[in-house]
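The residues making up each chain are set out below.
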Amino acid sequence: MPRDFLKDAQDHYDVVVIGSGLAGLTSANVLARAGYSVLLLEHHYQLGGMATWFKRKGGHIFDISLHGFPIGMKKSCRKYWTPEIAERIVQLDGIRFENPQFSLETTFDRDSFTNILVEQFGISLEVVSEFFDTARGMNFFDDQEMTTGELFERFFPGRDDVVRLLMEPITYANGSTLEDPALTYGIVFSNFMSKGVFTFEGGTDALVGAMKDEMVSNGVDVRIRCLVESIEVTPDRKVAAVVVNGRRITCGAVVSNANIKQTVFELVGEDSFDPEFVEDARAVRLNNSSCQVYIAMKPGASFEPCGDLLFHSEHHGFDIDAMLSREISSRTFSFYYPRTRPGSDRHLVVSSTNANFSDWADLSEADYEESKKDLCETTLDCLEQYVPELREIVEHVEASTPRTFQHYTRHLQGASFGTKFEGLKVSQKLPEQVQGLFHAGSVGIIMSGWLGAVNYGVIVANEVDKLMTPPASASA
Ligand SMILES: Cc1cc2nc3c(=O)[nH]c(=O)nc-3n(C[C@H](O)[C@H](O)[C@H](O)COP(=O)(O)OP(=O)(O)OC[C@H]3O[C@@H](n4cnc5c(N)ncnc54)[C@H](O)[C@@H]3O)c2cc1C
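All of the points below concern the structure found in this document. Because the structure is predicted, anything quoted here is derived from the model rather than measured.

On to the overall build of the protein chain, then. When helices and strands are tallied, the protein chain shows 19 helices and 18 strands. Taking 23 Å as the expected radius of gyration for a compact globule of 476 residues, we find that the protein chain reaches 22 Å, a close match to that expectation. Taking as baseline every contact in the protein chain between residues at least 6 positions apart, the subset at least 24 positions apart corresponds to 74%.

Turning our attention to the pairing of strand β10 (residues 228-233). The sheet contact formed by β10 and strand β11 (residues 239-244) spans 5 bridges and is antiparallel. Counted as the bridge partner of I231 is V242 from β11. Between the end of β10 and the start of β11, which pair antiparallel, lie 5 residues, with R237 showing a positive phi angle near 60°.

Turning our attention to the environment of K75. Along the chain, K75 falls in helix α2 (residues 72-80). Once the C-alpha coordinates of K75 and G203 are considered, the two residues, 128 residues apart in sequence, prove to be 19 Å apart.

Moving on: the site of the ligand. Near the ligand, the surroundings consist of 40 residues, among which G19, G21, G49, H67 and G449 are the closest. Looking at which domains feed residues into the shell around the ligand, each of domain 1 (12-51 + 205-285 + 419-475) and domain 2 (55-91 + 286-409) supplies at least three.

This brings us to the nonpolar core. Formed by 128 residues in total, the largest nonpolar core has its most connected members in V15, V16, V38 and V254. Once you skip the residues sitting within four places of it in the chain, V16 turns out to touch L39, L41, V242, I249, C251 and V254.

To continue, consider unusual backbone geometry. Its identity as a non-glycine residue notwithstanding, D8 has a phi of 65°, on the positive side. Notably, R225 is not glycine yet its phi reads approximately 55°, a positive angle. Counting through the fold element by element, R225 comes out in the loop between β9 (221-223) and β10.

Here we take up helix α8 (residues 182-195). With 14 residues, α8 extends 21 Å between its outermost C-alpha atoms, agreeing within 8% with the 20 Å of an ideal straight helix rising 1.5 Å per residue. In terms of burial, α8 is largely enclosed, as 11 of its 14 residues are buried. The set of residues buried in α8 consists of A182, L183, T184, Y185, G186, I187, V188, F189, N191, F192 and M193. G196, located one to two residues past α8, shows a positive phi value of around 110°.

Moving on, we come to the sheet that holds strand β16 (residues 348-355). Remark on secondary structure: sheet strands pair via backbone hydrogen bonds, oriented parallel or antiparallel. In spatial order, the strands read β7-β6-β14-β15-β16-β13-β17; together these 7 strands make up an open sheet with mixed pairing. The open sheet has two edge strands, β7 (103-106) and β17 (394-400), and neither has a second partner. Across the sheet, the axes of successive neighbouring strands diverge by a mean angle of 15°, strand direction being ignored. Relative to strand β14 (residues 309-313), strand β6 (residues 95-98) runs parallel, the two being bridged by 4 bridges. Looking at β14, one finds that E98 is bridged to H312. Set on the sheet, helix α7 (residues 160-174) makes contact with β6, β14, β15 (330-336) and β16; between it and β16 the angle comes to about 100°.

Scoring rules and cut-offs
Residues numbered from 1 in each chain as written. Predicted model: local features only at pLDDT ≥ 70, side-chain atom pairs only at ≥ 80, totals over all residues. Helix = DSSP H or I, 4+ residues; strand = E, 2+ residues; numbered from the N terminus. Rg over C-alpha atoms; globule rule 2.2 N^0.38 Å. Contact = placed C-beta atoms within 7 Å. Pairing = 2+ DSSP bridges. Near = placed C-beta within 6 Å. Domains from an automatic or database assignment. Core = buried A, V, L, I, M, F, W, Y, C linked by C-beta atoms within 7 Å. Buried ≥ 20, exposed ≤ 12 C-beta atoms within 10 Å, placed from the backbone. Expected span 1.5 Å × (residues − 1). Axes fitted to C-alpha atoms, helices over the stretch in contact; angles between N-to-C directions.

Laid out in C-alpha cells, this is it:
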C-alpha cells in the first residue's frame, strides 16, 4: 500500500496553503497565529521551495539560495516568525567584484558604494547622493515607464563600468535587466544598500527546521509529498476545495504559492476568470532560471578567505545576454566557511549563473550529462584563480540546471525569481476574480527573493484575514 501522506487530515480547513516556499510558509504561520485552521501542502519531500539545501555522502550540506538578502529579513523574521530566527541573521561583509574593468571589495552598503563611486570611479559626490536618494525614494506607485537603463543613463551617461557595479549583483539576485522598470531596481537596490548583505547562520536546513517547529506549534497541519492537482471553484466564483493526492478537501480560502501562471491556468483553469484577466495572465513573462555548481572540500580541508560573495566576470561591461548564455563568462561564487554552520569543519563553494531554460530543455540525456560535466569542469577551472590548491582538496562536485529547478519547485521553465513586473498585478487581482483565491509567491521582481517572498506572504495573509473576518457591523 502506498503511504497516505494525508492520513488523519481533516476534510475542511479555514485556509489551504499550496506550496512551502518562504511566502507560503509565512502566510501559513501568520494565519495560524491569527487563529485559523491551516493546511500546508507541499509536493516535495522537503519544505522551503527554492529556500532549500541538499546533503551528500561525507556529511556535505549545500545551500541553494542562501547567498544573501537585505537586513529587512531580520525585522520580518522577528515579527512574523520568532526572535530566535531573527537573531541568527548575520552580516556578510566580504563582497568582491573581479572583472576586466575593476577589482574591488565592499560591504555593499551606501557608505561603501559612495566611497567607491567617488574615489575609484571619479563620480561627483553630488551625483552619487542624488542617485541614492532617487533610488531610495522609489515606490510601487511611481512612474513605471522609466527603465533601469534610463535611470542609469540619467545619472551616469556612458559609464558601463558604473552600470556593471550597480546592476550585476541585482541581476544575480532577481534576474532583472536594464529593460525592467526602474522602480523594481530602486526598491531592491535600496533594500540592500541600507545595511549590506545578510545570511542565516546555521544554514537553510536550520532556518526551515525552525520555521516548521514554529508553524506546528501554532497549529498548522504540515504535509509533504502532497501534490495539489486542482483548486475547485464554484460557478459563482468562490473557492470551494482543493484536490490533493486524489483527495478533496474543502476550505474557505486558498493561498497558492505555486507560480502565478500555474495557479491560473493549471490549478484553477481559465474558465473561472474574466477573459481580460486571462489575457493579462497569459501575457505575464517568466523570469530567467539558473545553473549552479556545488563544490565541497574534504573534511577539515581549508583555503585562504576569498570573501563571501564574489562576482566574477570575464566579459566587458554589463551584458545580460552574456550573463544568461550557456557559454559562461560570469559566475557568482558563494564561499561557505565553517562559521556558516558553527561546529562544522567544512569549506564549500556554490557557483551560480543565470540561465535560459530553452538552452537546456531539449538536450538529449547524453548531451545533458555531458553539458553538466563541462559546467563542473569549467567552473573548477575558473575557481582555481581564487583557490589555487582547489583540485587537491575537492571531494565532491555536481551541477544543477534550469531542468533541476523545474523538477523540484514545479516552476514553469525553472524560473528562479518568479515573473517580471506585470505578474504582480495579476497576483494582486486574483481575489477580485475568485472569492477566497489568493496568490503569495515570487512575482514582479520586487516580491521575489527571500525578503520579498516573506513580506508578500504577510501581505497576502492579511488580505485573507480581512476576507475571513466578518466586519464588526455584521456580527453586531
Ligand atoms: C539558484 C538560486 C539562488 C537564489 N539566491 C537567492 C539569494 O541569495 N537571496 C535571495 O533573497 N533569494 C535568492 N533566490 C530567490 C529565492 O530563493 C526565491 O525568490 C524565494 O525563495 C521564492 O519563494 P516563494 O515563496 O516565491 O516560493 P518557491 O520557493 O518558488 O516555492 C514554491 C513552492 O510551491 C510548491 N508547489 C508548487 N506547485 C505545487 C503544487 N501543485 N502542490 C504542492 N506544492 C506545490 C513547490 O514545490 C515549492 O516548494 C535564489 C533562487 C535561486 C533559484
